[in-house]
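Spelled out, the chains give:
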Amino acid sequence: MTPDLIVFNGNICTQDISLPRAHAMAMAGGWIVALGTTDEIRALASRRTSQIDAKGPMVFPGLQDTHIHLQDSGYDYALNADLTEVKKPDALVATLKKFAATHRRPWVNGTGWYAGLLHTGNLDRHLMDRAVPDRPSLIVASDGHNACINSAAIAALGLGAETPDPANGLFVRDAARSPTGHLYENANPWVEARMPPPVDDDFAAGVRFGMQLANRHGVTGVLDAKVEERYVRIYRQMAEAEALSVRVGSTALVHPHDTAATVVERLNSFRAQSHGLFRMHSAKFFLDGVIENRTAAMIAPYSDRGDNAPLMFAPDHIASLFSALDAARFQIHVHAIGDLATRAGLDGMAAARASNGEWPSLHQIAHIQFIEPADISRFRDLGVMANVQPLWARQEISIDEMSLPVVGPERSRWIYAFRSLLDAGATMAQSSDWGVSTLNPFAIMETAVTRQPLLGEDPAPAFLPQQRISRAESLRGYTTAAAAAVWRGTTTGSLTLGKAADFILLDRNILTCPTDQISQTQVLLTCLAGKIVHDIRVD
């Protein structure tokens, strides 16, 4: 077959153990048809073949981010105030006020502030009133588990002392029971459901924003980690219009009020809408919240105050839902921060296996901030993948001032226990959880290797250095392991004959460059199915 595209004069790291390295690659119809030397591959070209001279830098498979909020975070950052650089209350006021002056929309919204720095002690409706006194305003933290509204929003929503908290949510209140404006967990979607709804075009614009960011960082495949009907509808429309520049897998949200019958029926209807580069194949469970607002569910009570948080699903309900979804051949994708949530996820997966037998589901538990050591080997035993976000595994406020005091010294030894999981035989995918944190996979890979802040950030010793992983293990977490995690392992994840022509050209070899330069990597070129979707090369 005459190729329509070749890459030559390159250092190709295939991630395929049968042919780890090549100098050139030929593609036709979006698939890899040959690998070899530059002379061998150039000899296959015709006058109609497009040619890319890699000029020596590294070529890798396209990276895949297996836990990301592409549609929501794209929408948030494309259309709302970006609060990611805000560190202090006065800076939040200034940033939000400046953004409010740019439009006259009914609500003023912002996203991306860090709950470790802005919290109930310094963020409430009064602070937000200084920025936006004349319209309702909602700002959501980067973690998605914390939010805050101003006085105008409280009035518009009719939120008062007698308003009941939503299930698995909390309106933070003062001593007189009046809402302070701060929201935890499902109080945030309660508010959003009562706001003027965005239109589909707004969310499609968000998807385009997120895809461009992903392509700039060498990402050619994602898993949107929480979708419902609107998400499926928009992804399907964009897939039909061939408007996707990443492969989009998705995992549909399961609610505590769901029954086995209702959830399987709903997810089957979503799965039937898969088309082209869009696939819906997973079920998403939030089994707990986050440690920052004390909604993470722990086996033993918190060490500092002796309180705890409950699971968001009862154990027998988890077993019933997991078993039904597993029988219907959906992958299960669990949010678990506390060690009780991690154990409950594993217990549910064990119940599903006992009911339905073993199959290559690659069910996943994401985050795994805390784990009881006895549960580490269960990942291997149950065939469960760990889906981790290594950027968080370093000393910063969320660790030093929140996690460590809350769990005490013994449990602190098992925070983000990546090395222990791999050594126990677990498979591991790495991801960003964007927009909770940066989408940049190279910053995340560097942190997995060092467990320290990046160059230019406040220096700190390595956090639990015994839990570091190698560069090669981290790269697998974004390539072959990631592809398997999203059920794309037979067609993507490595540069192998017959697989998709998803590849990236980098300005350095991330496997050999100085460790503190991994995060500085620039993606020169990104190709999806042999089509260029990002290119900053200078001819």
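Structure first, text after, so check above.
Residues numbered from 1 in each chain as written. Predicted model: local features only at pLDDT ≥ 70, side-chain atom pairs only at ≥ 80, totals over all residues. Heavy atoms only, no water.

**Remarks on the packing of aromatic side chains**
Applying the stated criterion across every chain, the model contains nine aromatic pairs. Geometrically, the ring pair formed by F171 and W190 is edge-to-face, given 5.0 Å between the ring centres and 75° between the ring planes. Taken together, the positions of F171 in strand β13 (residues 169-173) and W190 in helix α6 (residues 187-192) put the pair 19 residues apart, joining distant regions of the chain. Every member of this aromatic cluster is reached through a ring pair, and the members are F285, F313 and F322. (Phe/Tyr/Trp six-rings, centres within 6.5 Å; stacked < 30°, edge-to-face > 60°. Helix = DSSP H or I, 4+ residues; strand = E, 2+ residues; numbered from the N terminus.)

**Remarks on the nonpolar core**
If you look at the biggest cluster of nonpolar residues, it comprises 109 residues, and the most contacted ones within it are M280, F285, L325, V334, I365, F379 and L421. When sequence neighbours within four positions are dropped, the list of residues in contact with L325 reads V254, V263, V264, L267, A283, F285 and F330. Core analysis: the second largest hydrophobic core is formed by 20 residues, L92, A115, L127 and V132 among them. (Core = buried A, V, L, I, M, F, W, Y, C linked by side-chain atoms within 4.5 Å. Buried < 20%, exposed > 50% of the residue type's maximum accessible area, 1.4 Å probe, protein only. Contact = heavy atoms within 4.5 Å.)

**A closer look at the state of the cysteines**
Simply put, the disulfide is a covalent bond whose two ends are the sulfur atoms of two cysteines. In total, this model carries zero disulfides according to the counting rule given. Free cysteine C13: the closest other cysteine sulfur is in C513, separated by 13 Å. When its relative accessible area of 4% is taken as the criterion, C13 is described as buried. (Disulfide = S-S within 2.5 Å.)

**Quick word on the environment of G112**
Mapped onto the elements of the fold, G112 is located in strand β10 (residues 108-113). Taking the relative accessible area as the measure of exposure, G112 reaches 5% and is therefore buried. A C-alpha to C-alpha distance of 9.8 Å links G112 and N80, two positions 32 residues apart in sequence. With residues up to four places along the chain from it excluded, the contact list for G112 reads Y77, L83, T84, V140, A141 and S142.

**Examining the side chain of T49**
Within the element layout of this structure, T49 appears in the loop between α1 (38-42) and β6 (50-53). Note on T49: relative accessible area 7%, which makes it buried. Separated by 2.6 Å, the side chain of T49 and the backbone oxygen of P3 make a polar contact. At a separation of 3.0 Å, a polar atom in the side chain of T49 contacts the main-chain amide nitrogen of S46. Sequence-distant contacts of T49, that is, excluding residues within four places in its chain, are made with T2, P3, D4, L5 and I6. (Polar contact = N/O pair within 3.5 Å; in protein donor to acceptor, adjacent residues only side chain to side chain.)

**A few points about the sheet that holds strand β22 (residues 503-506)**
Taken together, the six strands give an open sheet; going across it, the order is β3-β2-β7-β22-β23-β24, and neighbouring strands pair in mixed fashion. The sheet is open, and its two borders are formed by β3 (21-22) and β24 (531-535), each paired with just one other strand. Where strand β7 (residues 58-61) lies against β22, three bridges are found, and the strand directions are antiparallel. Within β22, the position partnered with P61 by the bridge is F503. (Pairing = 2+ DSSP bridges.)

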